[in-house]
Amino acid sequence: MKARILFVEDDQNVGAATKRRLEEQGYEVRHCTDGLMAWEEFQHRTFDICLLDVMIPKKGGGLEKGGISEKDHGFELARQIRKRNDLIPILFITSKSMMEDKIAGFKTGADDYITKPINLQELVLRIEVFLKRTKNMVQATQAAKPSQYVIGKLTFDYADLRLHDSTQDKSFTLTQKEADLLRYLCDNVNKALKREDILFNVWGKDDYFLGRSMDVFITKLRKYFKSDPEIKLETLHGVGFRFNVPHTPNVSTSLP
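Here is what the cut-offs are and how they apply
- Residues numbered from 1 in each chain as written.
- Predicted model: local features only at pLDDT ≥ 70, side-chain atom pairs only at ≥ 80, totals over all residues.
- Heavy atoms only, no water.
- Helix = DSSP H or I, 4+ residues; strand = E, 2+ residues; numbered from the N terminus.
- Buried < 20%, exposed > 50% of the residue type's maximum accessible area, 1.4 Å probe, protein only.
- Contact = heavy atoms within 4.5 Å.
- Areas by Shrake-Rupley, 256 points an atom, 1.4 Å probe, with all protein chains shown as cover.
- Core = buried A, V, L, I, M, F, W, Y, C linked by side-chain atoms within 4.5 Å.
- Pairing = 2+ DSSP bridges.
- Right-handed = clockwise from strand over helix to strand, strands pointing away.
- Phe/Tyr/Trp six-rings, centres within 6.5 Å; stacked < 30°, edge-to-face > 60°.
- Lys NZ or Arg CZ within 6 Å of the ring centre and 35° of its normal.
- Axes fitted to C-alpha atoms, helices over the stretch in contact; angles between N-to-C directions.

Draft legend 1. Examining the overall build of the protein chain more closely. Scanning the protein chain from terminus to terminus reveals 8 helices and 13 strands. Counting over 256 residues, the protein chain shows a buried share of 46%. Considering only residue pairs separated by 6 or more positions, the protein chain has 54% of its internal contacts joining residues 24 or more positions apart. Counting only carbon and sulfur atoms, one obtains 51% of the accessible surface of the protein chain, whose full area is about 13500 Å².

Draft legend 2. Expanded view of the nonpolar core. Counting residues in each nonpolar core, the largest one holds 32 residues, and the members touching the most others are F156, L182 and F243. Of all the elements in the fold, those that place two or more residues in this core are β6 (148-151), β7 (154-157), α6 (176-187), α7 (195-203), α8 (208-224) and β12 (240-244). When sequence neighbours within four positions are dropped, the list of residues in contact with L182 reads I151, F156, L163, L174, L221, F225 and F243. Counting residues in hydrophobic clusters, the runner-up holds 21 residues, among them C32, W39, I88 and I90.

Draft legend 3. View of the pairing of strand β1 (residues 4-8). Within β1, 5 of the 5 residues are buried, which leaves the element mostly enclosed by the surrounding structure. Residues R4, L6 and V8 point to one face of β1 and I5 and F7 to the other, with burial holding for every one of them. Pairing geometry for β1 and strand β2 (residues 28-32), over 5 bridges, is parallel. Residue pairing for β2: I5 is matched across the bridge by V29. Since β1 and β2 lie parallel, the crossover through helix α1 (residues 12-24) that links them has a hand, and here it is right-handed. Looking at chain direction, β1 and strand β3 (residues 49-52) are connected through 4 bridges and run parallel. Residue pairing for β3: F7 is matched across the bridge by L51.

Draft legend 4. Inspection of the packing of aromatic side chains at higher detail. Tallied over the entire structure, the rule returns 11 aromatic pairs. Ring geometry for F106 versus Y113: centroids 5.9 Å apart, planes at 80 degrees, classification edge-to-face. Overall, F106 belongs to the partly exposed group, its relative accessible area being 40%. Judged by its relative accessible area of 6%, Y113 falls in the buried class. On the numbers, 5.7 Å between centres and 20 degrees between planes, the contact of Y149 with F156 is stacked. On the basis of relative accessible area, Y149 is assigned to the buried category, the value being 1%. Residue classification places F156 among the buried positions, given a relative accessible area of 0%. Over the ring of F217 we find K220; its NZ or CZ atom is 5.2 Å from the centre of that ring.

Draft legend 5. The arrangement of the sheet that holds strand β4 (residues 90-94) in detail. Strand order in this open sheet of 5 strands is β2-β1-β3-β4-β5, and the pairing throughout is parallel. For this open sheet the edge positions go to β2 and β5 (112-115), each flanked by a neighbour on one side alone. Averaged over all neighbouring strand pairs, the angle between strand axes comes to 20 degrees, with direction disregarded. Bridging between β3 and β4 involves 3 bridges; their strand directions are parallel. What sits directly across from C50, in β4, is I90. Along the sheet, α1 contacts β1, β2 and β3; its crossing angle with β2, the most-contacted strand, is approximately 170 degrees.

Shown next, in the form of structure tokens:
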């Protein structure tokens, strides 16, 4: 599958030329010309890496200036992206070469810098290094997560896609998405979870139609919890949901 790049460059000519050259290398590229457009794209699409120009108009996420130059909105966009996703690589592409600018970029959560004029071979090599590194990090993170949870009177086996109800001695086979959603809820038990955060972490993007799909899955999970009245998947109006469990789910990589 093609790696998906969020590319932010306000110069239309430079942006179009770089986008075309990256697509010729086999990448899927979404080109944005300002921070607000890029932030909207990031929230509603799934990307593997971000290439950001520092000198772009309009900050992402409607943030206040916060001491950042009117034209340095790439820093603000990087901060917003990093708050939402702590693994996605962020590379700044900029004409700025001063050390203080690079330090400012790294403080926002950026992973690397490449200066203009862009050397395509160097850019592609850096992209591939970070894509490989991120893939390894994601695999390690997933492997470190528990695969089985004891939730009240229920036992949830993520690897086996199975939820066992000890009160009825009955097991339910879950779909992969049901299991992904339940695992995310177990990892964030008794916390207020925003709808957009659930969508981003389970579905990979925040989208109206995916939101409707999420509501269907929430309803399905609630049916599984009916046998244990102490377990409640609470709707927080205007916010999202909270998975209320009297005691934090016991977790293990494997049950005895």
